[in-house]
Amino acid sequence: MIVLETQNLSKFFDGLRALDGVSIKVKKKTITLIIGPNGSGKSTLINVISGFYKATSGRVIFEGEDITNRPPHEIYELGIVRTFQTPQPLKKLTVLENLLVAEKHVGEGILSSLRYSKWLKQEEELVERAFKILEFLKIDHLWDRESYKLSGGQLKLVEVGRALMTNPKLIVMDEPIAGVAPALAHDILSRLTELKRKGITFLIVEHRLDIILKYVDYIYAMANGKVIAEGVEEDIINNPKVIEVYLGATHREA
């Protein structure tokens, strides 16, 4: 089943064609990877999908519904959650508090606030769910630590945890293992693989192919705002166009 699809998506910035007719398909319960050199259009693509940029032309389809150029909050409500290359937690809040405020329906109305037993139970359930997520991500021992005290890799896991609190259908991730030590990077990707088995779909932009390729199901390679190749790992690493525009420098050094 196709969860997300872009159809001939284009984006211009003052005449610069950042996306040029990009068409991709993301299947349910998969990890789909987008690769390409700097300036290839990867980040622009996920910004258009998540509503941070408006498409110049083309369409974004999510679960059969046209969501092109909807605002980010509407796309979020549909179940698409975005994480960023640089984590953006509330730094003075603890790890647990960062997860609690990420829940979609946090807060209460005037009448419901008077029903002590009801909102107390909801709060207890919310905390319990947050702790289960922290345990799954193996950072439950950090629950009471302020976010500004965490390492870069730990912050990446908090970002994943905050996304999970929203019960997402699709998580769009911008370089989830950038700047993370290899051991922790593998741990993060292992957690994502487990989440995929539980029904969550991932669309990921990442440069560290030496680590991530073994975890993904399908790959799109981009250059100059276009998709130049797609397929599984062997299709991509053996594609002459990909070698030329993305891996060429590595091969020449070897």
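Above this text you will find the structure in question.
Residues numbered from 1 in each chain as written. Predicted model: local features only at pLDDT ≥ 70, side-chain atom pairs only at ≥ 80, totals over all residues. Heavy atoms only, no water.

Okay, the overall build of the protein next. Tallying secondary structure elements over the protein gives 10 helices and 10 strands in all. Residues counted as buried form 48% of the 254 residues belonging to the protein. For the protein, the share of sequence-separated contacts (at least 6 apart) that also reach a separation of at least 24 residues comes to 69%. For the protein, the accessible surface area stands at approximately 13000 Å², while carbon and sulfur atoms represent 50% of it. (Helix = DSSP H or I, 4+ residues; strand = E, 2+ residues; numbered from the N terminus. Buried < 20%, exposed > 50% of the residue type's maximum accessible area, 1.4 Å probe, protein only. Contact = heavy atoms within 4.5 Å. Areas by Shrake-Rupley, 256 points an atom, 1.4 Å probe, with all protein chains shown as cover.)

Attention now goes to helix α3 (residues 95-102). Most of α3 is tucked away: 6 of the 8 residues are buried. Taken residue by residue, α3 has V95, L96, N98, L99, L100 and A102 as its buried positions.

The subject of this paragraph is a nonpolar patch on the surface. Together, F13, L16, F52 and Y53 make up an exposed nonpolar region whose accessible area comes to about 370 Å². Inspection of the secondary structure puts F13 in strand β1 (residues 2-13). (Patch = residues over 30% accessible without salt bridge, like charges linked within 9 Å, V, L, I, M, F, W, Y side chains within 5 Å. Salt bridge = Lys/Arg side-chain N within 4 Å of Asp/Glu carboxyl O.)

This part covers the packing of helix α6 (residues 152-164) against helix α7 (residues 182-197). Here α6 crosses α7 at 15°, and the two axes come no closer than 10 Å. With respect to their mutual orientation, α6 and α7 come out roughly parallel. Classified by chirality, the crossing of α7 by α6 is right-handed. Of the residues in α7, those in contact with G153, Q154, K156, L157, V160 and L164 of α6 are L184, I188, L192 and L195. Across the contact of α6 with α7, the residue classes tally to 7 nonpolar, 2 polar and 1 charged. (Axes fitted to C-alpha atoms, helices over the stretch in contact; angles between N-to-C directions. Parallel < 35°, antiparallel > 145°, perpendicular 65-115°, else oblique. Left-handed = near helix turned anticlockwise from the far one by under 90°. Nonpolar A, V, L, I, M, F, W, Y, C, P; charged D, E, K, R; others polar.)

In this section: the pairing of strand β3 (residues 31-35). For β3, a buried count of 5 out of 5 residues is recorded, marking the element as mostly surrounded by other parts of the structure. Burial along β3 is two-sided: I31, L33 and I35 and T32 and I34, pointing in opposite directions, are all buried. Note that β3 and strand β8 (residues 201-205) share 4 bridges and pair parallel. The partner of L33 across the bridge, within β8, is I204. (Pairing = 2+ DSSP bridges.)

A side chain with one charge may pair with a side chain of the opposite charge, provided their charged atoms come close. Within this structure, the stated rule accounts for 12 salt bridges. For R17, the salt bridge goes to D20, with nearest N and O atoms at 3.3 Å. When the shortest N-O distance is used, the salt bridge between K196 and D217 registers 3.3 Å. Of this pair, K196 sits in helix α7 while D217 sits in the loop between α8 (209-212) and β9 (218-223), and the two are 21 residues apart along the sequence. Each of R17, D20 and K226 takes part in salt bridges that share partners, so that together they form one network.

In this section: the packing of aromatic side chains. For the structure on display, the rule yields 3 aromatic pairs. Ring centres of F131 and W143 lie 5.6 Å apart, and the angle between their planes is 55°; this geometry places the pair in the tilted category. Pair noted here: F131 is in helix α5 (residues 116-136) and W143 is in the loop between α5 and α6, with a separation of 12 residues, a long-range link. Given the relative accessible area of 24%, F131 is considered partly exposed. A relative accessible area of 37% places W143 in the partly exposed class. Ring centres of Y218 and Y220 lie 5.4 Å apart, and the angle between their planes is 65°; on these two criteria the pair is classed as edge-to-face. Residue classification places Y220 among the buried positions, given a relative accessible area of 3%. Its end group placed over the ring of F52, R82 keeps NZ or CZ at 5.5 Å from the ring centre. The aromatic ring of F136 is capped on one face by R191, whose charged end is 5.9 Å from the ring centroid. (Phe/Tyr/Trp six-rings, centres within 6.5 Å; stacked < 30°, edge-to-face > 60°. Lys NZ or Arg CZ within 6 Å of the ring centre and 35° of its normal.)

This paragraph deals with the packing of α3 against α6. Any two packed helices are characterised by the angle at which their axes cross and by the distance between the axes. Where α3 contacts α6, the two axes come as close as 8 Å, and the packing angle between them is 30°. When the interaxial angle is binned, α3 and α6 end up roughly parallel. Considering the relative orientation of α3 and α6, their crossing is right-handed. For the pair α3 and α6, the contacting residues are V95, N98, L99 and A102 in the first and V158, G161 and R162 in the second.

Summarising burial for helix α1 (residues 42-49): 7 of the 8 residues are buried, a large majority. The complete set of buried residues in α1 reads K42, T44, L45, I46, N47, V48 and I49.

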